[in-house]
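Report on the structure
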Amino acid sequence: MARKSDFSESFQSIKSRKSKNMRVFSDEDQARFEEMRTDFDDDMPQDDGPPTGDRWSIWWDSEPLQRGPEPRPAWVITDHGAVDYELGVLKTGKEADVFLIERAVPGTDRAVILASKRYRSAEHTQFNRAGDYMAGRGAKRSRDVRAMAKRTTFGLEQAAGRWAAAEFDALKRLHNAGVAVPYPVQVLGREVVMEFIGDGRTAAPRLAETRPDADELDSLWEQACESLRRMTELGFAHGDLSPYNTVVHDGRLVVLDLPQVVDIYANPLGMGFLERDVENLGSWFTARGIGRDEVEDLQAELKALAAMP
């Protein structure tokens, strides 16, 4: 076995030779290496994009905890060779834009339409009331907390990523609790990919756009009450619930837009957000025939639930 001193002597010998001659390889070797490198580069594809579509599926770019909960729906495509097609913008908002994408496996009939919510970068966000919603949410690093408080570029970028992560986490927890929300497929950076609620490429109508008859109205109100109960039992308030971020699909009321979800215990404004959610959604129903006393009863019920240990 070679001794340590043998390796040290060999290393010193090479180092000395290199410093004297400033050359390690001969001209012939260098030319051969250059020829090999050129041939290899010529054989490699010059574009690493997919043969079709706008990008490779980002499914495998997300870590396991950044993917949707199991058991996953059969329509979720996890193939390595899948690609994403950009189909257009569904809607724009203060802090994010929602795009319609198709994730498909080329050469097969396997494809699914998804919603891709992309939070804007720091220089493009218009959402300025984040502090009220984020009160009680802890950041792991004090540097991030200070940067977000000062609204530096770095801080705003960190906040954008946290909005995406917060929405994905809320979707997972609410989905697991049986609340009617889109199934969360994955999160990656500032992008949340989720189930598209609609038919074909047509989004389901917002609650505010529907004209339900009496029976449908009663059903939708009961669904709204049940969603609010389950969210309260988890210690959550939506924070911005209204007939404009709930949609109706095949008679099912689905809750959307959850980045600002509020912890009603950790956030000092938590109970106020919960009351506002009930009032904003309840007002739409009372204007169409649901009794005001039902909204007040729901308020009292949720406050009692929230007060339970």
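Preceding this section is the structure that the text describes.
Just so you know, the residues in each chain are numbered from 1, in the order the chain's sequence is written. Local features are withheld for residues below a pLDDT of 70 in this predicted model, meaning they are given only at 70 or higher, and side-chain atom pairs are given and counted only at 80 or more; totals for whole chains, interfaces and linings count all residues. Only hydrogens and water are set aside; all other atoms, that is, all heavy atoms of the structure, feed into the side-chain values.

**A word on the overall build of the protein chain**
A run of H or I in DSSP becomes a helix once it reaches four residues, and a run of E becomes a strand once it reaches two; helices and strands are each numbered from the N terminus. When helices and strands are tallied, the protein chain shows eight helices and 12 strands. Remark: exposure states derive from per-residue accessible area (1.4 Å probe, protein chains only) relative to the maximum for the residue type, with buried under 20%, exposed over 50%, and partly exposed in between. Taken over 309 residues, the protein chain has a buried fraction of 40%. Residue pairs at least 24 apart in sequence account for 65% of intrachain contacts in the protein chain once pairs closer than 6 positions are excluded. Element-wise, carbon and sulfur atoms account for 52% of the exposed surface of the protein chain, whose accessible area totals about 17600 Å². Here, two residues are considered to be in contact whenever any of their heavy atoms come within 4.5 Å of each other. Computed with a 1.4 Å probe, the accessible areas rest on the Shrake-Rupley method; for each residue, only the protein chains presented here act as cover.

**So, the environment of N176**
Positionally, N176 belongs in helix α5 (residues 153-176). With 107 residues separating them in the primary sequence, N176 and P69 have C-alpha atoms 7.7 Å apart.

**Quick look at the sheet that holds strand β6 (residues 191-195)**
Strands are treated as partners if at least two bridges between them are detected by DSSP. Spatially, β1-β2-β3-β4-β6-β5 is the arrangement adopted by the six strands of the open sheet, whose pairing is antiparallel. Looking at which strands have only one partner, the edges of the open sheet turn out to be β1 (55-56) and β5 (184-188). Sheet topology places β1 next to strand β2 (residues 83-92); two bridges connect them, and they run antiparallel. Directly across from W56, in β2, lies its bridge partner V83.

**Comments concerning the side chain of R55**
Inspection of the secondary structure puts R55 in strand β1. Polar contact criterion, stated in full: a pair of N or O atoms within 3.5 Å, where within protein one must be able to donate a hydrogen and the other to accept it, and residues adjacent in sequence count only if both atoms are side-chain atoms. In this structure the side chain of R55 is engaged in a polar contact, spanning 2.9 Å, whose partner is the side chain of E191. Look past the residues within four positions of R55 in its chain and what remains in contact with it is P50, V83, D84, I101, R103, R118 and E191.

**Quick word on the nonpolar core**
A general feature of soluble globular proteins is that nonpolar side chains tend to end up buried together. If you look at the biggest cluster of nonpolar residues, it comprises 46 residues, and the most contacted ones within it are V192, L207, L258 and F285. Ranked by residues supplied to this core, first place goes to helix α6 (residues 214-233) with seven residues. If we skip the residues at most four places from it in the chain, F285 touches L207, L217, L220, W221, A224 and I290. Nonpolar core, defined: a set of buried Ala, Val, Leu, Ile, Met, Phe, Trp, Tyr and Cys residues in which side-chain atoms within 4.5 Å join the residues together. W59, I101, V112 and V185 belong to the second-largest nonpolar core, a separate cluster that totals 12 residues.

**A look at α6**
The end-to-end C-alpha distance of α6 is 29 Å, a good match for the 28 Å that 20 residues give at a rise of 1.5 Å each. Among all positions of α6, only L217, L220, W221, A224, C225, S227, L228, M231 and T232 are buried. Buried residues of α6 fall within an arc of 165° about the axis and therefore sit on the same side. In α6, the exposed positions angled more than 90 degrees off the buried face are occupied by D215 and E233. The N-capping residue of α6, defined by a side-chain oxygen 3.2 Å from the backbone nitrogen of D215, is D213. G235, located one to two residues past α6, shows a positive phi value of around 85°. Each residue after the first adds 1.5 Å to the expected span of a helix. As used here, the arc is the angular range of directions from the helix axis to the C-beta atoms.

**Let's talk about the pattern of salt bridges**
The term salt bridge refers to a pairing of a side-chain nitrogen on Lys or Arg with a carboxyl oxygen on Asp or Glu at a separation within 4 Å. Taken as a whole, this structure holds 18 salt bridges when the rule is applied. The partner of D84 in a salt bridge is R55, with the nearest N and O atoms 3.0 Å apart. Taken together, the residues span a long stretch of sequence, with D84 in strand β2 and R55 in strand β1 at a distance of 29 residues. One exposure class covers both D84 and R55, and it is buried. Among the salt bridges present, the one from D79 reaches R110, with a minimum N-O distance of 2.9 Å. Taken together, the residues D79 in the loop between β1 and β2 and R110 in the loop between β3 (96-104) and β4 (111-119) connect sequence positions 31 residues apart. Under the relative-accessibility criterion, D79 is labelled partly exposed at 25%. Overall, the relative accessible area of 34% leaves R110 in the partly exposed class. Several salt bridges converge on common partners, so that one network encompasses R55, D84, E86, R103, R118 and E191.

**Some thoughts on the environment of L228**
Looking at where L228 falls in the secondary structure, it is placed in helix α6. When the C-alpha positions of L228 and D277 are compared, they lie 8.7 Å apart, and in sequence the two are 49 residues distant. Once residues within four sequence positions are removed from consideration, L228 is found in contact with L241, D277, V278, L298 and L302.

**Some remarks on the packing of α6 against helix α8 (residues 292-307)**
Here, axes are lines fitted to C-alpha atoms. For helices the fit covers the stretch in contact, and angles between N-to-C directions go from 0 to 180 degrees. Axis separation between α6 and α8 bottoms out at 9 Å; the angle between their running directions is 20°. Put simply, α6 runs roughly parallel to α8. Relative to α8, the crossing made by α6 is right-handed. Residues W221, C225, L228, R229, T232 and E233 of α6 pack against E294, V295, L298, E301, L302, L305 and A306 of α8. Oblique is the label for every angle not falling under 35 degrees (roughly parallel), over 145 degrees (roughly antiparallel), or within 65 to 115 degrees (roughly perpendicular). Note on convention: the crossing is left-handed when the near helix lies turned anticlockwise from the far helix by less than a right angle, right-handed when the turn is clockwise.

**Considering α8**
For α8, built from 16 residues, the straight-helix expectation of 22 Å at 1.5 Å per residue is met to within 8% by its first-to-last C-alpha distance of 23 Å. Listed as buried for α8 are V295, L298, Q299, L302, L305 and A306. With its buried residues spanning 130° around the axis, α8 presents them on a single face. Within α8, the exposed residues directed more than 90 degrees away from the buried face are D297 and A307. As for α8, its buried residues are in contact with α6 and α7 (270-286).

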